[in-house]
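Residues per chain are reported as follows:
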Amino acid sequence: MDPVALSLAVSPCPNDTFVFHALVHGLIPGTPEVNLTFADVDVTNTAAERGEFDLVKVSYAALPWLLDDYELLPTGGALGRGCGPLVLTREPGVDLAGKTVAVPGDRTTAYLLFRLWSADQAPGRIEVVPFHQIMPGVANGTYDAGLVIHEARFTYQRHGLHALADLGEWWESDTGLPIPLGAILAKKGVVDPAEATEWIRNSVSMAWANPDASREFVLANAQEMEPEVVQQHIDLYVNEFTLELGRDGLAAADALLQRAAAAGLTPTVKPFV
């Protein structure tokens, strides 16, 4: 396809800005101009359902509603080990049955993992809350528990909170697979998936080869994270699966979506492997 300006939506989190810096800034020869939008994943999940972006970062949990119009790319996303969502409470050992839990989005992978994990102690109420409000809301008693992702792994103790569960540890011990968090999708009929895969792989490789090149861009969008937390975030979420999903990455996506469909939580999708 001839290069035309493409719309791209990713989060302002350090892993996304690190990965997409070279592509967004036109540093890869032969790539089209990219019009970038920053949005949290609960926003991009909904926007992708409306077909608003050509390339978009979404939750793996949202794929059953998106795969008619988008194709999963085997690069650029967020999977890994030791990087799962946490369930946080003010006191350790809380029983969540009947409690109010704040979550960052109703079609996020974090929430889907939470629903699978909490089937035997279902909360009484779920509230979708902007991510930055979850930990303060749990700390001040607005919510009994909160589901958090990303840099909260490194900062929740500052709010005096306890990790009731690490859903990544639960998932990995149960499946032996990485946690499929964020996926990159290409809009069918608009973006050539093979070309887009090559662009993004080159962007990832350039980010690793020269991490200083993206530092200013990453820090400018890191939502007041300290530089050391930013680096921890990148080190955790930009990994071998970012460059290439591979069989384990695709198997992880299959395991999540097949379990969700079996539990009646999502529509059924065709397996990737």
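Residues numbered from 1 in each chain as written. Predicted model: local features only at pLDDT ≥ 70, side-chain atom pairs only at ≥ 80, totals over all residues. Heavy atoms only, no water.

1. Observations regarding the UniProt feature "binding site: substrate" (unreviewed entry) in the protein chain
The sites that carry the UniProt feature "binding site: substrate" (unreviewed entry) are, in the present numbering, Lys57, Val58, Ser59, Thr109 and Ala110. Along the polypeptide, Val58 turns up in strand 3 (residues 55-59). Residue classification places Val58 among the buried positions, given a relative accessible area of 0%. Once residues lying within four places of it in the same chain are set aside, the contact partners of Val58 are Val41, Thr44, Asn45, Ala48, Leu63, Leu66, Leu181, Gly182, Ala183 and Leu185. On the secondary structure map, Ser59 appears in strand 3. Contact partners of Ser59, with chain neighbours within four places excluded, come to Val41, Asn45, Arg107, Thr108, Thr109 and Leu181. (UniProt positions renumbered as here; feature names shortened; annotations may be inferred. Helix = DSSP H or I, 4+ residues; strand = E, 2+ residues; numbered from the N terminus. Buried < 20%, exposed > 50% of the residue type's maximum accessible area, 1.4 Å probe, protein only. Contact = heavy atoms within 4.5 Å.)

2. Some points on the nonpolar core
Ranked by internal contacts, the top residues of the largest apolar core, which has 63 residues, are Tyr60, Val87 and Phe114. Not counting chain neighbours up to four residues away, the residues in contact with Tyr60 comprise Leu72, Leu79, Thr109, Pro180, Leu181, Gly182, Ala183, Leu245, Ala253, Leu256 and Leu257. Formed by 28 residues, the second largest nonpolar core is a distinct cluster that contains Val19, Ile200, Val204 and Val218. (Core = buried A, V, L, I, M, F, W, Y, C linked by side-chain atoms within 4.5 Å.)

3. Brief notes about the packing of helix 3 (residues 109-117) against helix 11 (residues 246-262)
Geometry of a packed helix pair, given as the angle between the helix axes and the separation of the axes. Running from amino to carboxyl end, helix 3 crosses helix 11 at an angle of 55°, the nearest separation of the two axes being 11 Å. In terms of axis orientation, helix 3 runs oblique to helix 11. Between helix 3 and helix 11 the crossing geometry is left-handed. Two secondary-structure elements touch here, helix 3 through Thr109, Leu112, Leu113 and Leu116 and helix 11 through Leu256, Arg259 and Ala260. (Axes fitted to C-alpha atoms, helices over the stretch in contact; angles between N-to-C directions. Parallel < 35°, antiparallel > 145°, perpendicular 65-115°, else oblique. Left-handed = near helix turned anticlockwise from the far one by under 90°.)

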